[in-house]
Amino acid sequence: MPEIHRHWENAIIIQALYREFRTGENYHYPQVQSCYIAGCLTGHGKIKVNNKTFDISPGKILFAPWNHTITYMPNPDSPFVLACIHLIPDARERGEICYNAFHAPHSDHPLYLMRQNEVIDKFNHAECRFFSEDSHFFNLMRYAIDCFTAQAAEDQLRLLARLFFYEIYSMLHIRGEKDGELPVALCRMLNHVDDYMELPINMTQLSYHSKLSAASIYRMFRKYLHTTPQKYIIRRRLYHAAKVMQKSTISITSLAHNLQFSTPGNFSRAFKDEFGISPRQFRENPSAFPVDQKLMRSPRHLEDGINPHFTPKFIPDSELD
């Protein structure tokens, strides 16, 4: 896992917007100079990226690599609305940033040559994954679009870009190896567990998010995760607890309560069963007891920094297409 302050130091969000497609509108762009994220909010359709076609519906997020070819094909009866983020991994331009993405090759344009890719292992082809609409990734996209629309300062757009690349890296290297082929219904349940692990979680909620019966949910967890829903939830909470104790002085009693354990004793026993040490021992010297990073969640914290006096310089669309 890379440390965020050492990677993508020149990254920036170059464009962030909501895009509403109308019936009959199909668009093709031969080469988009960005790493692109598109999350479907409403509607349906298909998006083709580098000769691979993806079905798009609410909750689906498309990830397209650097210099991708893309074609939008919204459903004529229910065209999609997308949250769109264009990221430049290595943008050396500083100060007067031109906020737009090239949608065709422009090798004679000085800005085109200044923007480069910084390779993320495994992010060399398009992917489409499901996220619940209240998941932290969708919330991060909404926040980024709000900041861009409010003409955020360059430093904030660079920070947000690095967070996006960190999330993509985490998805591909932490959860991607395990969850890449999971059913959409199971992904919905796992996202719900991750997003609400400090609240009570029951089978009724999992059934609501997955549209499955309790028996089907148990079978799905057994088939793909080799465990039960209850054991999975407890394990996710324990790894979350380990992460919190690495960075916070919250009491073990309060942490046990926050993570829905009935007593601190029950929490301590479950923690020791999972990690072989007590929570107190872990807190005293966490580096001596490494926790499997594959079950740690990526950081979500964002920083405010809106500059109402900053006015971005935009490249006209006629120069980019």
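For the structure, see preceding data.
Reading guide: rules and limits
- The residue count restarts for each chain, going from 1 along the sequence in the order it is written.
- pLDDT decides what is reported in this predicted model: residues at 70 or higher carry local features, side-chain atom pairs at 80 or more are listed and counted, and totals for whole chains, interfaces and linings draw on all residues regardless.
- To obtain the side-chain values, all non-hydrogen atoms of the structure were used and water was disregarded.
- The set of buried Ala, Val, Leu, Ile, Met, Phe, Trp, Tyr and Cys residues whose side-chain atoms join them within 4.5 Å is what this entry labels a nonpolar core.
- Per-residue accessibility, obtained with a 1.4 Å probe over protein chains only, is compared with the maximum for each type, and a residue is labelled buried under 20%, exposed over 50%, and partly exposed between these values.
- Here a strand is any run of E in DSSP of at least two residues, a helix any run of H or I of at least four, and the numbering for each starts at the N terminus.
- Should any heavy atoms of two residues lie within 4.5 Å, those residues are counted as being in contact.
- Strands pair, by our definition, only if DSSP identifies at least two bridges between them.
- Convention adopted: a line fitted to C-alpha atoms gives each axis, helices being fitted over their contacting stretch, and angles between N-to-C directions are expressed from 0 to 180 degrees.
- Each pair of aromatic rings taken from Phe, Tyr and Trp, with Trp reduced to its six-membered ring, is defined by centres within 6.5 Å and is described as stacked if the planes are under 30 degrees apart, edge-to-face if over 60, and tilted in the remaining cases.
- Should an angle fall under 35 degrees it is called roughly parallel, over 145 degrees roughly antiparallel, and 65 to 115 degrees roughly perpendicular, with every other angle called oblique.
- Less than a right angle of anticlockwise turn of the near helix away from the far helix marks a crossing as left-handed, whereas a clockwise turn marks it as right-handed.
- Amino acids are sorted into nonpolar (Ala, Val, Leu, Ile, Met, Phe, Trp, Tyr, Cys and Pro), charged (Asp, Glu, Lys and Arg) and polar (every other residue, Gly among them).
- Any helix carries an expected span of 1.5 Å times its number of residues minus one.

**Student:** What exactly am I supposed to notice about the nonpolar core here?
**Tutor:** Across soluble globular proteins, nonpolar side chains have a tendency to be buried as a group. Ranked by internal contacts, the top residues of the largest apolar core, which has 42 residues, are I13, I37, F63, I85, L87 and F164. When residues of this core are traced back to their parent elements, those giving at least two are β1 (12-20), β3 (35-42), β6 (60-64), β8 (81-88), α2 (136-149) and α3 (154-179). For this core, the element with the highest residue contribution is α3, accounting for ten residues. If sequence neighbours within four positions are ignored, L87 has contacts with I12, I13, S34, C35, I37, W66, A161, F164 and F165.

**Student:** Hey, could you run me through the side chain of E25 in this one?
**Tutor:** By the secondary structure assignment, E25 is in the loop between β1 and β2 (27-32). On the basis of relative accessibility, which here comes to 13%, the residue E25 falls in the buried class. Filtering out sequence-adjacent residues up to four positions away, E25 remains in contact with E20, Y72 and P74.

**Student:** Explain the sheet that holds strand β7 (residues 68-74) here, please?
**Tutor:** Hydrogen bonds along the backbone pair up the strands of a sheet, which may run parallel or antiparallel. Strand order across the open sheet formed by four strands is β2-β7-β4-β5, with antiparallel pairing between neighbours. Edge positions in the sheet fall to β2 and β5 (52-56), since each of these pairs with one other strand and no more. Direction aside, the axes of adjacent strands within the sheet are offset by 20° on average. The pairing of strand β4 (residues 45-49) with β5 spans five bridges and is antiparallel. The residue of β5 that forms the bridge with K46 is D55.

**Student:** For this particular structure, what's the right way to read the packing of aromatic side chains?
**Tutor:** Any aromatic ring pair is given by two values, namely how distant the centres are and how the planes are angled relative to each other. Counted according to the given criterion, the structure contains 16 aromatic pairs. The interplanar angle of 25° and the centroid separation of 5.9 Å between the aromatic rings of W8 and F165 together place this pair among those described as stacked. Placement of W8 in the segment before β1 and of F165 in helix α3 is noted, with a sequence separation of 157 residues between them. Here F165 falls in the buried class, since its relative accessible area comes to 0%. Here F21 and Y72 contribute two aromatic rings whose centre-to-centre distance is 5.0 Å and whose plane-to-plane angle is 35°, an arrangement assigned as tilted. With F21 in the loop between β1 and β2 and Y72 in strand β7, this residue pair connects regions lying 51 residues apart in the sequence. Accessibility assignment for this pair places F21 and Y72 in one class, buried.

**Student:** Could you clarify how one ought to interpret the packing of helix α4 (residues 184-195) against helix α7 (residues 229-247) in this entry?
**Tutor:** Relative placement of two packed helices is described by the angle separating their axes and the distance separating the axes. At a closest axis distance of 10 Å, the pairing of α4 and α7 adopts a crossing angle of 40°. Considered as vectors, α4 and α7 are oriented oblique to each other. The two elements α4 and α7 meet at a crossing, and its hand is right-handed. Facing α4, whose interface residues are L190, V193 and D194, α7 presents Y232, I233 and R236. Partitioning the contact of α4 with α7 into residue classes produces four nonpolar, no polar and two charged.

**Student:** How should I be thinking about the sheet that holds strand β11 (residues 127-130) in this particular structure?
**Tutor:** In spatial order, the strands read β1-β8-β3-β6-β11; together these five strands make up an open sheet with antiparallel pairing. For this open sheet the edge positions go to β1 and β11, each flanked by a neighbour on one side alone. In this sheet, adjacent strand axes meet at a mean angle of 15° when their direction is disregarded. Where β1 lies against β8, eight bridges are found, and the strand directions are antiparallel. Of the residues in β8, the one forming a bridge with L17 is C84. On the sheet, α2 packs against β1, β3, β6 and β8 and is oriented at approximately 100° with respect to β1.

**Student:** What exactly am I supposed to notice about α4 here?
**Tutor:** In an α-helix, one full turn covers 3.6 residues, which means residues spaced three or four apart are oriented alike. Relative to the 16 Å expected for twelve residues at 1.5 Å per residue, α4 spans 16 Å between its end C-alpha atoms, a close match to the ideal helical length. Burial of α4 is extensive: ten of the twelve residues sit out of reach of the surface. Within α4, burial applies to A185, L186, C187, M189, L190, N191, H192, V193, D194 and D195.

Shape is all these values report; function is a separate question.
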